Amino acid sequence: MSPETLRRCLDLLRADYPNWDAPAKRFEKAYQRTPYTILISTLLSFQTRDEVTLEAGRRLFALAQTPQAMLELGEARIAEAIYPVGFWRKKAASVLEVSRVLLERHGGEVPQTLEELTAIKGIGPKTAKIVLENAYGAEVAAVDTHVHRILNLLGAVETSTPEATDRALGTLLEPAELRGLNKLLVSFGQTLCRPRHPDCICCPIRSCCPNAK
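Overview of the structure. All figures in this text were calculated on a predicted structure; none of them were measured in a lab. (Residues numbered from 1 in each chain as written. Predicted model: local features only at pLDDT ≥ 70, side-chain atom pairs only at ≥ 80, totals over all residues. Heavy atoms only, no water.)

Some remarks on the overall build of the protein chain
Part 1 of the reasoning: Scanning the protein chain from terminus to terminus reveals 12 helices and 0 strands.
Part 2 of the reasoning: Reading the helices (α) and strands (β) of the protein chain from amino to carboxyl end gives α-α-α-α-α-α-α-α-α-α-α-α.
Part 3 of the reasoning: Relative to the globule expectation of 17 Å for 213 residues, the C-alpha radius of gyration of the protein chain, 18 Å, shows essentially globular dimensions.
Part 4 of the reasoning: Considering only C-alpha atoms, the protein chain reaches an extent of 55 × 30 × 30 Å along its principal axes.
Part 5 of the reasoning: A burial count over the protein chain gives 49% of its 213 residues as buried.
Part 6 of the reasoning: With 27 positive and 25 negative side-chain charges, the protein chain shows a spacing of 6 Å between the two charge centroids. (Helix = DSSP H or I, 4+ residues; strand = E, 2+ residues; numbered from the N terminus. Rg over C-alpha atoms; globule rule 2.2 N^0.38 Å. Buried < 20%, exposed > 50% of the residue type's maximum accessible area, 1.4 Å probe, protein only. Lys, Arg positive; Asp, Glu negative; His and termini not counted. Charge placed at Lys NZ, Arg CZ, Asp CG, Glu CD.)

Laid out in structure tokens, this is it:
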């Protein structure tokens with residue numbers, strides 16, 4: 001698939017996006033969205049279904065929405081609030097440590113650069129890009145399993161890992177075209193282009209997908 005064809009496919013997906021009832025879209029209205037709550041909810045999300053992460057975030061942010069309040073909450077109460085997200089004990093410790101570092105190094109604010117974010121233990125490039133995109137409108141796109149899978153399915157890339165897909169995206173799209181890509185393809189993957197039982201009949205880009213059934 002050429003970059004031009006990929007752009008046309010993405011335009012068609014954006015047009016259809018309002019029709020999708022995807023779990024990834026529900027975060028927008030679940031609780032107050034700040035750079036800090038976006039960061040913490042992203043940390044909670046790994047190896048956890050969005051539906052579980054959403055409810056864990058609601059419980060946790062009802063108790064604390066700032067690094068200082070999170071430190072005052074303590075690890076045990078954080079763990080209780082976020083259960084049953086995957087690795088909930090480790091994530092509670094990570095939430096506490098990240099909150100401490102934000103206070104000590106950044107005045108309680110979430111950094112606005114990839115370098116500063118990834119310098120904090122527990123924050124990897126994917127988490128950092130999700131925060132930069134969703135909190136600050138940066139022209140970046142986090143590549144998770146949905147993004148990696150769908151771009152390979154379409155033939156836009158031929159990569160074996162999300163990291164390789166992340167690198168390939170830089171040669172396919174302009175920086176401005178990356179904004180919103182993660183949420184778009186994750187929502188598409190949760191509703192129509194599911195890993196199992198994809199709804200190819202209703203897919204708006206069926207005609208240009210080499211794997212459509």
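Anyway, onward from the coordinates.
Quick look at the side chain of His148
Part 1 of the reasoning: Looking at the element boundaries, His148 is found in helix α9 (residues 145-154).
Part 2 of the reasoning: Here the side chain of His148 touches Thr161 through a polar contact of 3.3 Å, landing on its backbone oxygen.
Part 3 of the reasoning: Of note is the side chain of His148, whose polar atom sits 2.6 Å from the side chain of Thr165.
Part 4 of the reasoning: In this structure His148 touches Val143, Thr159, Ser160, Thr161, Pro162 and Thr165, once residues within four positions along its chain are discounted. (Polar contact = N/O pair within 3.5 Å; in protein donor to acceptor, adjacent residues only side chain to side chain. Contact = heavy atoms within 4.5 Å.)

Some words on the nonpolar core
Part 1 of the reasoning: Core analysis: the largest hydrophobic core is formed by 36 residues, its most contacted members being Leu39, Ile40, Leu60, Met70, Ile78, Ile82 and Ile123.
Part 2 of the reasoning: For this core, the secondary-structure elements that each account for two or more residues are α2 (35-45), α3 (50-61), α4 (67-73), α5 (75-82), α6 (88-106) and α8 (125-136).
Part 3 of the reasoning: For Leu60, the residues in contact, after removing those within four places along its chain, are Ile40, Leu44, Met70, Leu73, Ile78, Ala81 and Ile82.
Part 4 of the reasoning: In terms of nonpolar packing, the next biggest core, distinct from the first, is built from 30 residues, Ala141, Val147, Val186 and Ile205 among them. (Core = buried A, V, L, I, M, F, W, Y, C linked by side-chain atoms within 4.5 Å.)

Let's talk about the packing of aromatic side chains
Part 1 of the reasoning: Throughout the structure, instances matching the rule amount to 3 aromatic pairs.
Part 2 of the reasoning: With centroids separated by 5.6 Å and ring planes inclined at 70°, the aromatic side chains of Tyr17 and Trp20 adopt a geometry described as edge-to-face. For the pair Tyr17 and Trp20, a shared accessibility class is recorded, and that class is buried.
Part 3 of the reasoning: The positively charged end of Lys25 is found above the aromatic ring belonging to Tyr17, 4.2 Å away from the centroid. (Phe/Tyr/Trp six-rings, centres within 6.5 Å; stacked < 30°, edge-to-face > 60°. Lys NZ or Arg CZ within 6 Å of the ring centre and 35° of its normal.)

Things to note about the packing of α9 against helix α12 (residues 181-191)
Part 1 of the reasoning: Contact geometry of α9 with α12 gives a least axis separation of 8 Å together with a crossing angle of 80°. Put simply, α9 runs roughly perpendicular to α12. On α12, the residues that touch His146, Val147, Arg149, Ile150 and Leu151 of α9 are Asn182, Leu185, Val186, Phe188, Gly189 and Gln190.
Part 2 of the reasoning: Class assignment for the residues of the contact of α9 with α12 results in 6 nonpolar, 4 polar and 1 charged. (Axes fitted to C-alpha atoms, helices over the stretch in contact; angles between N-to-C directions. Parallel < 35°, antiparallel > 145°, perpendicular 65-115°, else oblique. Nonpolar A, V, L, I, M, F, W, Y, C, P; charged D, E, K, R; others polar.)

Comments concerning helix α1 (residues 3-16)
Part 1 of the reasoning: Taking 1.5 Å of rise per residue, 14 residues should cover 20 Å, and α1 covers 20 Å from first to last C-alpha, within 8% of that figure.
Part 2 of the reasoning: Within the span of α1, buried status applies to Thr5, Leu6, Cys9, Leu10, Leu13 and Asp16. One face of α1 carries all of its buried residues, which in axial projection span an arc of 140°. Turned more than 90 degrees from where α1 packs its buried face, Arg8 and Ala15 sit exposed.
Part 3 of the reasoning: Taken together, the buried residues of α1 touch α9, α10 (162-172) and α12. (Expected span 1.5 Å × (residues − 1). Arc of directions from axis to C-beta.)

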